[in-house]
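Here is how the chains run, residue by residue.
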Amino acid sequence: MSDHVVLHVKGRVLVGPEDVRDELWAVDGRITYTRPSGDALTVEGWALPGLVDAHCHVGLDQHGPVDDVTSEKQALTDRDAGTLLIRDAGSPSDTRWIDEREDLPKIIRAGRHIARTRRYIRNYAHEIEPEDLVAYVGREARRGDGWVKLVGDWLDREAGDLGACWPRAEVEAAIAEAHRLGARVTAHCFAEDSLRDLVEAGIDCIEHATGLTEETIPLFAERGVAIVPTLVNIATFPRLAEGGEKKFPRWSAHMRRLYERRYDTVRSAYDAGVPVFVGTDAGGSLAHGLVAAEVAELVTAGIPPIEALSATTWGARSWLGRPGLEEGAPADLVVYDGDPRADVRVLAAPRRVIVNGRVIG
(Lines give C-alpha, C1' and ligand atoms only; values in the text may rest on other atoms or scores of the structure.)
Protein backbone atom coordinates (compact mmCIF):
# COMPACT_ATOMS: atom_id res chain seq x y z
CA MET A 1 0.00 0.00 0.00
CA SER A 2 1.38 3.41 -0.97
CA ASP A 3 2.25 5.85 1.84
CA HIS A 4 1.81 8.98 -0.29
CA VAL A 5 -0.11 11.60 1.67
CA VAL A 6 -1.24 13.54 -1.42
CA LEU A 7 -2.83 11.76 -4.38
CA HIS A 8 -3.87 13.35 -7.67
CA VAL A 9 -6.55 11.56 -9.71
CA LYS A 10 -6.98 12.96 -13.21
CA GLY A 11 -8.85 12.04 -16.36
CA ARG A 12 -12.59 11.63 -15.87
CA VAL A 13 -13.94 11.72 -12.32
CA LEU A 14 -17.55 10.51 -12.24
CA VAL A 15 -18.88 12.40 -9.23
CA GLY A 16 -22.37 11.56 -10.52
CA PRO A 17 -23.85 10.09 -13.70
CA GLU A 18 -23.69 13.53 -15.36
CA ASP A 19 -21.29 15.35 -12.99
CA VAL A 20 -17.93 14.62 -14.59
CA ARG A 21 -14.82 16.48 -13.46
CA ASP A 22 -11.24 16.48 -14.69
CA GLU A 23 -9.44 15.82 -11.43
CA LEU A 24 -9.51 15.50 -7.68
CA TRP A 25 -6.95 15.20 -4.91
CA ALA A 26 -6.77 13.11 -1.77
CA VAL A 27 -5.08 14.86 1.13
CA ASP A 28 -4.70 12.97 4.41
CA GLY A 29 -7.22 10.43 3.16
CA ARG A 30 -9.94 12.96 2.24
CA ILE A 31 -11.19 14.20 -1.12
CA THR A 32 -10.66 17.78 -2.20
CA TYR A 33 -11.23 19.58 -5.48
CA THR A 34 -8.86 22.37 -4.49
CA ARG A 35 -5.30 21.83 -5.73
CA PRO A 36 -2.93 21.44 -2.75
CA SER A 37 0.64 22.66 -2.73
CA GLY A 38 3.55 20.29 -3.08
CA ASP A 39 4.12 17.03 -4.94
CA ALA A 40 1.47 14.39 -5.48
CA LEU A 41 1.28 10.84 -6.81
CA THR A 42 -0.80 10.93 -10.02
CA VAL A 43 -3.26 8.25 -11.10
CA GLU A 44 -5.04 8.57 -14.46
CA GLY A 45 -8.25 7.03 -15.78
CA TRP A 46 -12.00 6.93 -15.21
CA ALA A 47 -12.75 7.27 -11.49
CA LEU A 48 -15.85 6.08 -9.64
CA PRO A 49 -16.80 6.08 -5.96
CA GLY A 50 -15.79 2.81 -4.34
CA LEU A 51 -18.34 0.20 -5.38
CA VAL A 52 -21.07 -0.97 -3.02
CA ASP A 53 -22.02 -4.59 -2.34
CA ALA A 54 -25.29 -4.19 -0.47
CA HIS A 55 -25.67 -7.89 0.33
CA CYS A 56 -22.42 -9.46 1.46
CA HIS A 57 -21.33 -11.57 4.42
CA VAL A 58 -17.87 -11.02 5.89
CA GLY A 59 -17.08 -13.49 8.67
CA LEU A 60 -19.28 -16.26 7.32
CA ASP A 61 -18.89 -19.26 5.05
CA GLN A 62 -21.16 -22.17 4.13
CA HIS A 63 -20.62 -23.77 7.56
CA GLY A 64 -21.06 -20.71 9.79
CA PRO A 65 -18.72 -18.19 11.43
CA VAL A 66 -15.07 -18.06 10.33
CA ASP A 67 -11.90 -16.84 12.01
CA ASP A 68 -10.40 -13.38 11.58
CA VAL A 69 -7.81 -14.58 9.06
CA THR A 70 -10.56 -15.87 6.78
CA SER A 71 -12.65 -12.73 7.31
CA GLU A 72 -9.66 -10.64 6.31
CA LYS A 73 -9.20 -12.65 3.10
CA GLN A 74 -12.88 -12.13 2.27
CA ALA A 75 -12.64 -8.38 2.82
CA LEU A 76 -9.43 -8.16 0.78
CA THR A 77 -11.02 -10.05 -2.12
CA ASP A 78 -13.94 -7.63 -2.15
CA ARG A 79 -11.60 -4.65 -1.91
CA ASP A 80 -9.45 -5.79 -4.80
CA ALA A 81 -12.60 -6.11 -6.93
CA GLY A 82 -13.38 -2.46 -6.19
CA THR A 83 -15.97 -3.00 -3.44
CA LEU A 84 -15.15 -0.40 -0.79
CA LEU A 85 -18.53 -0.23 0.98
CA ILE A 86 -20.30 -3.37 2.18
CA ARG A 87 -23.70 -3.76 3.76
CA ASP A 88 -23.10 -6.97 5.69
CA ALA A 89 -26.50 -8.63 5.48
CA GLY A 90 -26.06 -10.90 8.49
CA SER A 91 -23.03 -12.47 10.14
CA PRO A 92 -22.49 -14.34 13.42
CA SER A 93 -18.88 -13.12 13.59
CA ASP A 94 -17.63 -9.99 15.31
CA THR A 95 -15.88 -8.06 12.54
CA ARG A 96 -15.57 -4.71 14.34
CA TRP A 97 -11.78 -4.99 14.15
CA ILE A 98 -12.08 -4.29 10.41
CA ASP A 99 -13.16 -0.74 11.25
CA GLU A 100 -9.67 -0.07 12.58
CA ARG A 101 -8.01 -1.08 9.32
CA GLU A 102 -7.26 1.75 6.89
CA ASP A 103 -6.81 -0.68 4.00
CA LEU A 104 -10.12 -2.58 4.14
CA PRO A 105 -13.65 -1.79 2.94
CA LYS A 106 -16.04 0.05 5.21
CA ILE A 107 -18.82 -2.18 6.56
CA ILE A 108 -22.41 -1.40 7.52
CA ARG A 109 -23.55 -4.32 9.65
CA ALA A 110 -27.02 -5.81 10.06
CA GLY A 111 -26.04 -7.89 13.09
CA ARG A 112 -26.80 -11.59 13.04
CA HIS A 113 -29.63 -13.13 11.01
CA ILE A 114 -32.87 -13.73 12.92
CA ALA A 115 -34.63 -16.89 11.79
CA ARG A 116 -37.40 -19.23 12.84
CA THR A 117 -36.28 -22.38 14.68
CA ARG A 118 -34.83 -24.95 12.24
CA ARG A 119 -35.85 -22.76 9.31
CA TYR A 120 -32.47 -21.54 8.06
CA ILE A 121 -28.89 -22.61 7.39
CA ARG A 122 -27.34 -24.18 10.48
CA ASN A 123 -24.95 -22.01 12.55
CA TYR A 124 -25.95 -18.79 10.77
CA ALA A 125 -28.81 -17.24 12.70
CA HIS A 126 -30.47 -16.69 16.03
CA GLU A 127 -33.17 -19.35 15.72
CA ILE A 128 -36.19 -18.26 17.71
CA GLU A 129 -39.97 -18.42 17.92
CA PRO A 130 -42.31 -15.50 17.10
CA GLU A 131 -42.87 -14.44 20.71
CA ASP A 132 -39.14 -13.58 20.94
CA LEU A 133 -38.91 -11.68 17.65
CA VAL A 134 -39.28 -8.15 19.04
CA ALA A 135 -36.62 -8.73 21.70
CA TYR A 136 -34.11 -10.16 19.23
CA VAL A 137 -34.75 -7.42 16.69
CA GLY A 138 -34.08 -4.87 19.42
CA ARG A 139 -30.86 -6.65 20.36
CA GLU A 140 -29.54 -6.77 16.79
CA ALA A 141 -30.63 -3.18 16.11
CA ARG A 142 -28.38 -2.11 18.97
CA ARG A 143 -25.50 -4.30 17.77
CA GLY A 144 -25.66 -3.38 14.10
CA ASP A 145 -24.99 -0.23 12.11
CA GLY A 146 -28.55 0.78 11.40
CA TRP A 147 -29.88 -2.44 9.86
CA VAL A 148 -31.51 -5.67 11.07
CA LYS A 149 -31.80 -8.85 8.97
CA LEU A 150 -34.76 -11.24 9.18
CA VAL A 151 -35.23 -14.55 7.41
CA GLY A 152 -38.67 -13.97 5.96
CA ASP A 153 -39.22 -17.37 4.35
CA TRP A 154 -37.50 -20.73 4.09
CA LEU A 155 -38.23 -24.37 3.39
CA ASP A 156 -41.09 -25.65 5.53
CA ARG A 157 -40.29 -29.35 5.74
CA GLU A 158 -43.82 -30.32 6.67
CA ALA A 159 -45.29 -28.50 3.67
CA GLY A 160 -42.41 -29.52 1.40
CA ASP A 161 -42.10 -26.01 -0.02
CA LEU A 162 -41.02 -22.48 0.79
CA GLY A 163 -43.20 -20.86 3.44
CA ALA A 164 -43.41 -17.61 5.39
CA CYS A 165 -41.67 -17.70 8.78
CA TRP A 166 -43.42 -15.04 10.87
CA PRO A 167 -47.01 -14.08 11.77
CA ARG A 168 -48.07 -10.60 10.66
CA ALA A 169 -48.58 -9.16 14.16
CA GLU A 170 -45.12 -10.13 15.37
CA VAL A 171 -43.49 -8.73 12.23
CA GLU A 172 -45.31 -5.42 12.65
CA ALA A 173 -44.19 -5.13 16.26
CA ALA A 174 -40.60 -6.11 15.44
CA ILE A 175 -40.23 -3.63 12.58
CA ALA A 176 -41.75 -0.89 14.73
CA GLU A 177 -39.17 -1.66 17.44
CA ALA A 178 -36.30 -1.50 14.94
CA HIS A 179 -37.54 1.82 13.62
CA ARG A 180 -37.90 3.15 17.16
CA LEU A 181 -34.22 2.32 17.68
CA GLY A 182 -33.21 4.01 14.44
CA ALA A 183 -32.58 0.86 12.42
CA ARG A 184 -33.94 -0.23 9.06
CA VAL A 185 -35.10 -3.81 8.48
CA THR A 186 -34.47 -6.14 5.59
CA ALA A 187 -35.49 -9.75 5.02
CA HIS A 188 -34.38 -12.76 3.04
CA CYS A 189 -37.32 -13.74 0.83
CA PHE A 190 -37.30 -16.20 -2.05
CA ALA A 191 -41.02 -16.92 -2.36
CA GLU A 192 -44.25 -14.98 -2.79
CA ASP A 193 -46.10 -15.66 0.47
CA SER A 194 -44.35 -13.39 2.96
CA LEU A 195 -43.96 -10.26 0.83
CA ARG A 196 -47.28 -8.47 1.33
CA ASP A 197 -47.19 -8.85 5.12
CA LEU A 198 -43.60 -7.64 5.33
CA VAL A 199 -44.16 -4.60 3.14
CA GLU A 200 -47.43 -3.61 4.81
CA ALA A 201 -45.69 -4.04 8.17
CA GLY A 202 -43.21 -1.34 7.15
CA ILE A 203 -40.10 -3.25 6.06
CA ASP A 204 -37.42 -1.19 4.30
CA CYS A 205 -35.83 -3.72 1.94
CA ILE A 206 -36.19 -7.27 0.63
CA GLU A 207 -33.23 -9.46 -0.30
CA HIS A 208 -33.48 -11.66 -3.42
CA ALA A 209 -37.18 -10.79 -4.00
CA THR A 210 -37.61 -13.58 -6.55
CA GLY A 211 -41.22 -13.98 -5.41
CA LEU A 212 -42.36 -10.55 -6.59
CA THR A 213 -45.52 -10.65 -8.70
CA GLU A 214 -47.69 -8.17 -10.57
CA GLU A 215 -49.79 -7.96 -7.39
CA THR A 216 -46.94 -7.10 -5.02
CA ILE A 217 -44.66 -5.01 -7.26
CA PRO A 218 -46.98 -1.95 -7.12
CA LEU A 219 -47.03 -2.24 -3.32
CA PHE A 220 -43.22 -2.14 -3.21
CA ALA A 221 -43.18 0.87 -5.52
CA GLU A 222 -45.83 2.72 -3.53
CA ARG A 223 -44.01 2.17 -0.23
CA GLY A 224 -40.51 2.76 -1.64
CA VAL A 225 -39.31 -0.65 -0.48
CA ALA A 226 -35.95 -1.47 -2.09
CA ILE A 227 -34.84 -4.83 -3.44
CA VAL A 228 -31.37 -6.35 -3.69
CA PRO A 229 -31.86 -9.15 -6.25
CA THR A 230 -28.50 -10.99 -5.83
CA LEU A 231 -28.83 -12.48 -9.33
CA VAL A 232 -25.40 -14.13 -9.14
CA ASN A 233 -26.83 -16.13 -6.25
CA ILE A 234 -30.18 -16.85 -7.93
CA ALA A 235 -28.10 -18.49 -10.68
CA THR A 236 -27.47 -21.34 -8.21
CA PHE A 237 -31.20 -22.22 -7.90
CA PRO A 238 -31.18 -25.00 -10.56
CA ARG A 239 -28.35 -26.78 -8.75
CA LEU A 240 -30.13 -26.41 -5.41
CA ALA A 241 -33.36 -27.69 -6.95
CA GLU A 242 -31.62 -30.73 -8.36
CA GLY A 243 -30.14 -31.53 -4.96
CA GLY A 244 -33.54 -31.38 -3.24
CA GLU A 245 -35.57 -33.08 -5.96
CA LYS A 246 -36.13 -36.45 -4.30
CA LYS A 247 -36.96 -35.21 -0.83
CA PHE A 248 -38.80 -31.97 -1.63
CA PRO A 249 -40.11 -32.08 -5.23
CA ARG A 250 -42.56 -29.17 -4.70
CA TRP A 251 -39.78 -26.98 -3.36
CA SER A 252 -37.49 -27.93 -6.25
CA ALA A 253 -40.13 -27.09 -8.84
CA HIS A 254 -40.82 -23.78 -7.09
CA MET A 255 -37.12 -22.85 -7.05
CA ARG A 256 -36.88 -23.56 -10.78
CA ARG A 257 -39.87 -21.34 -11.53
CA LEU A 258 -38.37 -18.50 -9.49
CA TYR A 259 -35.10 -18.92 -11.37
CA GLU A 260 -36.71 -19.01 -14.82
CA ARG A 261 -38.56 -15.74 -14.33
CA ARG A 262 -35.75 -13.96 -12.43
CA TYR A 263 -34.90 -11.42 -15.13
CA ASP A 264 -38.54 -10.59 -15.82
CA THR A 265 -39.10 -10.11 -12.09
CA VAL A 266 -36.22 -7.65 -11.69
CA ARG A 267 -37.06 -5.74 -14.86
CA SER A 268 -40.74 -5.45 -13.91
CA ALA A 269 -39.79 -4.16 -10.46
CA TYR A 270 -37.42 -1.59 -11.96
CA ASP A 271 -39.99 -0.49 -14.55
CA ALA A 272 -42.52 0.06 -11.76
CA GLY A 273 -40.14 2.35 -9.87
CA VAL A 274 -38.92 -0.08 -7.20
CA PRO A 275 -35.39 0.91 -6.02
CA VAL A 276 -32.90 -1.81 -7.05
CA PHE A 277 -29.40 -2.14 -5.61
CA VAL A 278 -26.39 -4.38 -6.21
CA GLY A 279 -25.64 -7.26 -3.84
CA THR A 280 -23.82 -10.54 -4.42
CA ASP A 281 -24.66 -12.65 -1.35
CA ALA A 282 -20.96 -13.45 -1.05
CA GLY A 283 -19.80 -15.34 2.01
CA GLY A 284 -22.27 -18.21 2.17
CA SER A 285 -21.64 -20.65 -0.64
CA LEU A 286 -20.71 -17.84 -3.04
CA ALA A 287 -17.23 -16.39 -3.58
CA HIS A 288 -16.38 -12.80 -2.72
CA GLY A 289 -15.43 -10.24 -5.35
CA LEU A 290 -18.41 -10.73 -7.68
CA VAL A 291 -19.72 -7.16 -7.70
CA ALA A 292 -18.95 -6.57 -11.40
CA ALA A 293 -20.74 -9.78 -12.34
CA GLU A 294 -23.85 -8.67 -10.43
CA VAL A 295 -23.93 -5.30 -12.19
CA ALA A 296 -23.69 -7.13 -15.52
CA GLU A 297 -26.58 -9.38 -14.45
CA LEU A 298 -28.77 -6.35 -13.75
CA VAL A 299 -28.03 -5.12 -17.27
CA THR A 300 -28.90 -8.54 -18.66
CA ALA A 301 -32.20 -8.31 -16.79
CA GLY A 302 -32.99 -5.12 -18.70
CA ILE A 303 -31.94 -2.36 -16.31
CA PRO A 304 -30.26 0.49 -18.24
CA PRO A 305 -26.46 0.39 -17.79
CA ILE A 306 -26.28 3.82 -16.13
CA GLU A 307 -28.91 2.75 -13.59
CA ALA A 308 -27.15 -0.57 -12.94
CA LEU A 309 -23.96 1.41 -12.37
CA SER A 310 -25.74 3.78 -9.99
CA ALA A 311 -27.03 0.74 -8.08
CA THR A 312 -23.46 0.03 -6.98
CA THR A 313 -22.16 3.63 -6.83
CA TRP A 314 -23.99 6.95 -6.46
CA GLY A 315 -27.48 5.60 -5.82
CA ALA A 316 -26.35 2.85 -3.48
CA ARG A 317 -24.22 5.18 -1.38
CA SER A 318 -27.05 7.68 -1.08
CA TRP A 319 -29.46 4.91 -0.03
CA LEU A 320 -27.04 3.73 2.64
CA GLY A 321 -26.32 7.27 3.85
CA ARG A 322 -22.66 7.23 2.88
CA PRO A 323 -20.81 9.82 0.78
CA GLY A 324 -19.42 9.36 -2.70
CA LEU A 325 -16.80 11.61 -4.29
CA GLU A 326 -17.79 14.71 -2.34
CA GLU A 327 -15.53 17.39 -0.94
CA GLY A 328 -14.20 16.14 2.40
CA ALA A 329 -15.42 12.56 1.98
CA PRO A 330 -13.09 9.60 2.57
CA ALA A 331 -11.04 9.09 -0.58
CA ASP A 332 -12.43 5.66 -1.48
CA LEU A 333 -12.50 5.29 -5.24
CA VAL A 334 -11.76 2.95 -8.11
CA VAL A 335 -10.03 3.93 -11.34
CA TYR A 336 -10.67 2.16 -14.66
CA ASP A 337 -9.20 2.25 -18.17
CA GLY A 338 -12.54 3.00 -19.85
CA ASP A 339 -15.91 4.64 -19.26
CA PRO A 340 -18.04 2.27 -17.16
CA ARG A 341 -21.17 4.17 -18.23
CA ALA A 342 -20.58 2.98 -21.79
CA ASP A 343 -19.85 -0.63 -20.83
CA VAL A 344 -20.33 -1.94 -17.27
CA ARG A 345 -17.98 -4.84 -18.04
CA VAL A 346 -15.19 -2.32 -17.41
CA LEU A 347 -15.90 -2.84 -13.70
CA ALA A 348 -14.35 -6.31 -13.82
CA ALA A 349 -10.85 -4.87 -14.31
CA PRO A 350 -9.97 -2.01 -11.95
CA ARG A 351 -6.76 -0.20 -12.87
CA ARG A 352 -6.30 1.17 -9.35
CA VAL A 353 -8.15 0.78 -6.07
CA ILE A 354 -7.78 3.69 -3.64
CA VAL A 355 -8.78 3.34 0.02
CA ASN A 356 -8.60 6.32 2.36
CA GLY A 357 -6.43 8.12 -0.17
CA ARG A 358 -3.88 5.35 -0.54
CA VAL A 359 -3.31 3.34 -3.69
CA ILE A 360 -3.63 -0.38 -2.99
CA GLY A 361 -1.13 -2.75 -4.55
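Caption draft 1: Structural context of the sheet that holds strand β4 (residues 41-49). Taken in spatial order, the 7 strands line up as β3-β2-β1-β4-β18-β19-β20 in an open sheet, and their pairing is mixed. Edge strands, defined here as strands with exactly one partner in the open sheet, are β3 (30-32) and β20 (358-360). Neighbour-to-neighbour, the strand axes of the sheet open up by a mean angle of 40 degrees, direction not taken into account. Alignment of strand β19 (residues 352-355) against β20, held across 3 bridges, turns out to be antiparallel. Of the residues in β20, the one forming a bridge with Ile354 is Val359.

Caption draft 2: Representation of a positive patch on the surface within the structure. Among the surface-exposed residues, Arg118, Arg122, Arg157 and Lys247 lie close enough to one another that they form a single positively charged patch. Position of Arg118 relative to the elements: it lies in the loop between β10 (114-116) and β11 (126-128).

Caption draft 3: How the structure looks around the packing of helix α2 (residues 133-143) against helix α3 (residues 168-180). Closest axis-to-axis distance for the α2/α3 pair is 9 Å, and the angle between their directions is 25 degrees. Accordingly, the angle class assigned to the pair α2 and α3 is roughly parallel. The handedness of the crossing between α2 and α3 comes out as right-handed. In contact with Leu133, Val134, Val137, Gly138 and Arg142 of α2, α3 contributes Glu170, Val171, Ala173, Ala174, Glu177, Ala178 and Arg180. Of the residues in the contact of α2 with α3, the class split is 7 nonpolar, 1 polar and 4 charged.

Caption draft 4: How the structure looks around the packing of aromatic side chains. In this structure the tally under the stated criterion is 6 aromatic pairs. For the pair Tyr120 and Trp154, a centre-to-centre distance of 4.8 Å together with 75 degrees between the ring planes defines the contact as edge-to-face. Of this pair, Tyr120 sits in the loop between β10 and β11 while Trp154 sits in strand β13 (residues 153-156); the two residues are 34 residues apart in sequence, bridging distant segments of the chain. For Trp154, a relative accessible area of 18% puts it in the buried group. Among the aromatic residues, those joined into a cluster by ring pairs are Tyr120, Tyr124, Trp154, Phe190 and Phe237. The cationic tip of Arg262 hangs over the ring face of Tyr263; the distance from NZ or CZ to the ring centre is 4.1 Å.

Criteria and cut-off values
- Residues numbered from 1 in each chain as written.
- Predicted model: local features only at pLDDT ≥ 70, side-chain atom pairs only at ≥ 80, totals over all residues.
- Heavy atoms only, no water.
- Pairing = 2+ DSSP bridges.
- Helix = DSSP H or I, 4+ residues; strand = E, 2+ residues; numbered from the N terminus.
- Axes fitted to C-alpha atoms, helices over the stretch in contact; angles between N-to-C directions.
- Patch = residues over 30% accessible without salt bridge, like charges linked within 9 Å, V, L, I, M, F, W, Y side chains within 5 Å.
- Areas by Shrake-Rupley, 256 points an atom, 1.4 Å probe, with all protein chains shown as cover.
- Salt bridge = Lys/Arg side-chain N within 4 Å of Asp/Glu carboxyl O.
- Lys, Arg positive; Asp, Glu negative; His and termini not counted.
- Charge placed at Lys NZ, Arg CZ, Asp CG, Glu CD.
- Parallel < 35°, antiparallel > 145°, perpendicular 65-115°, else oblique.
- Left-handed = near helix turned anticlockwise from the far one by under 90°.
- Contact = heavy atoms within 4.5 Å.
- Nonpolar A, V, L, I, M, F, W, Y, C, P; charged D, E, K, R; others polar.
- Phe/Tyr/Trp six-rings, centres within 6.5 Å; stacked < 30°, edge-to-face > 60°.
- Buried < 20%, exposed > 50% of the residue type's maximum accessible area, 1.4 Å probe, protein only.
- Lys NZ or Arg CZ within 6 Å of the ring centre and 35° of its normal.

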